[in-house]
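# Remarks on the overall topology
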Amino acid sequence: MSQKRVGVYPGTFDPFTLGHFDIVQRALKVVDHLIIGVADNAIKNPLFDVNERKAMVERDVQQLLAQGMSVEVRSFDELLIHFVRNSGANVIVRGLRAVSDFEYEFQMAGMNASIDSSIETIFLMASDKYQFIASRFIKEVRRLNGDISPFVSNHVAQCLAQKFSSKK
Ligand code: ADP
């Protein structure tokens with residue numbers, strides 16, 4: 001009997017980028033259902049609160065739902081492994097960019113595997129053109145009035161514009 005593969009793609013998504021979107025599309029090729037888990041992560045002091053981040057992801061994945069893809073967005077504020085278990089998922093999906101991501105991701109996957117060895121972590125690489133995109137650089141470029149349109153959806157670009165104008 002083959003078990004349904006349910007994946008969780010967790011992240012802060014502050015904000016959701018085209019790099020994240022690329023990983024979501026790739027993940028949908030390997031799991032039957034994907035839950036994008038938006039971590040509350042108050043400790044990271046995000047620019048957008050968790051509901052704003054979740055709404056941005058929902059808006060960006062609407063096009064995938066329209067294509068019949070099995071994807072949903074949830075926020076969480078608990079240990080990732082608990083969220084994965086409580087969601088009935090069995091795979092954690094993470095994205096890998098450069099070597100610099102590797103050490104952190106390696107440690108996190110190791111910790112999670114030691115907490116629950118029944119849950120596998122898989123790593124996917126974004127395509128070349130999205131590899132260098134990072135939420136933190138996007139925020140910095142936008143804060144300094146640079147053009148971020150190649151890195152995020154129009155909707156996320158609008159949310160960033162609003163956020164920075166309300167902070168002035
Ligand atoms: P976290 O705070 O959990 O690292 P992020 O939102 O920064 O959350 O990233 C979520 C996941 O997406 C991480 O696995 C990260 O490595 C991956 N990721 C982020 N940007 C990219 C990108 N441009 N290409 C591939 N993976 C990415």
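About the cut-offs
Residues numbered from 1 in each chain as written. Predicted model: local features only at pLDDT ≥ 70, side-chain atom pairs only at ≥ 80, totals over all residues. Heavy atoms only, no water. Helix = DSSP H or I, 4+ residues; strand = E, 2+ residues; numbered from the N terminus. Rg over C-alpha atoms; globule rule 2.2 N^0.38 Å. Buried < 20%, exposed > 50% of the residue type's maximum accessible area, 1.4 Å probe, protein only. Lys, Arg positive; Asp, Glu negative; His and termini not counted. Charge placed at Lys NZ, Arg CZ, Asp CG, Glu CD. Pairing = 2+ DSSP bridges. Right-handed = clockwise from strand over helix to strand, strands pointing away. Near = heavy atom within 4 Å. Polar contact = N/O pair within 3.5 Å; in protein donor to acceptor, adjacent residues only side chain to side chain. Areas by Shrake-Rupley, 256 points an atom, 1.4 Å probe, with all protein chains shown as cover. 1 Å grid on protein atoms, 1.4 Å probe; cavity = no way out; pocket = protein on both sides within 12 Å on 5 of 7 lines; lining within 4 Å. Sits in = over half its atoms within 2 Å of the grid points. Axes fitted to C-alpha atoms, helices over the stretch in contact; angles between N-to-C directions. Parallel < 35°, antiparallel > 145°, perpendicular 65-115°, else oblique. Contact = heavy atoms within 4.5 Å. Nonpolar A, V, L, I, M, F, W, Y, C, P; charged D, E, K, R; others polar. Points joined across faces, edges and corners; volume = space filled by probe spheres on them.

### A few points about the overall build of the protein chain
A tally of helices and strands in the protein chain yields 6 helices and 5 strands. In the protein chain, the succession of α and β elements from N to C terminus is β-α-β-α-β-α-β-α-β-α-α. Relative to the 2.2 N^0.38 estimate, which gives 15 Å for 168 residues, the radius of gyration of the protein chain is 16 Å and therefore close to what a compact globule would have. Its C-alpha atoms put the protein chain at 55 × 35 × 30 Å along the principal axes. Scored against the burial criterion, the 168 residues of the protein chain give a buried share of 48%. In the protein chain, 20 positive and 19 negative side-chain charges are present, and the distance between their average locations comes to 4 Å.

### Some remarks on the pairing of strand S5 (residues 120–125)
Bridge count for strand S4 (residues 91–96) against S5 is 6 bridges, and the pairing is parallel. Bridge assignment links Val-91 to a residue of S5, and that residue is Glu-120. Read from S4 through helix H4 (residues 99–115) to S5, the crossover connection turns out right-handed.

### With respect to the site of the ligand
Contacts to the ligand come from 18 residues, most closely from Tyr-9, Thr-12, Lys-44, Gly-95 and Tyr-130. Residue Phe-13 places a main-chain N or O atom 2.9 Å away from an oxygen atom belonging to the ligand. Burial of the ligand by the surrounding chains reaches 92%, relative to a free accessible area of 550 Å². One can see that the ligand is located within the largest pocket. Among the elements of the structure, strand S1 (6–11), helix H1 (18–30), S4 and H4 are those that each provide at least two residues to the shell around the ligand.

### A few points about unusual backbone geometry
The omega torsion of the bond from Asp-14 to Pro-15 falls at 0 degrees, within 30 degrees of zero and hence cis. With respect to the secondary-structure elements, Pro-15 resides in the loop between S1 and H1. Although it is not a glycine, Phe-13 adopts a positive phi angle of roughly 50 degrees. Looking at where Phe-13 falls in the secondary structure, it is placed in the loop between S1 and H1.

### Quick notes on the packing of helix H2 (residues 50–66) against helix H6 (residues 154–167)
For the pair H2 and H6, the least separation of the axes is 10 Å and the interaxial angle reads 155 degrees. As judged from the angle between their axes, H2 and H6 are roughly antiparallel. Of the residues in H6, those in contact with Glu-52, Met-56, Arg-59 and Asp-60 of H2 are His-155, Val-156, Cys-159 and Lys-163. In terms of residue class, the contact of H2 with H6 is built from 3 nonpolar, 1 polar and 4 charged.

### Considerations on the layout of surface pockets
Empty space within the largest pocket amounts to approximately 1200 Å³. Lining the largest pocket are 45 residues, and of these Gly-11, Thr-12, Lys-44, Arg-94 and Tyr-104 lie nearest its centre. At the level of elements, S1, H1, S4, H4 and helix H5 (135–143) are the ones that each hand at least two residues to the lining of the largest pocket. By residue number, the principal contributor to the lining of the largest pocket is H4, which donates 8 residues. Per-class residue counts for the lining of the largest pocket are 22 nonpolar, 12 polar and 11 charged.

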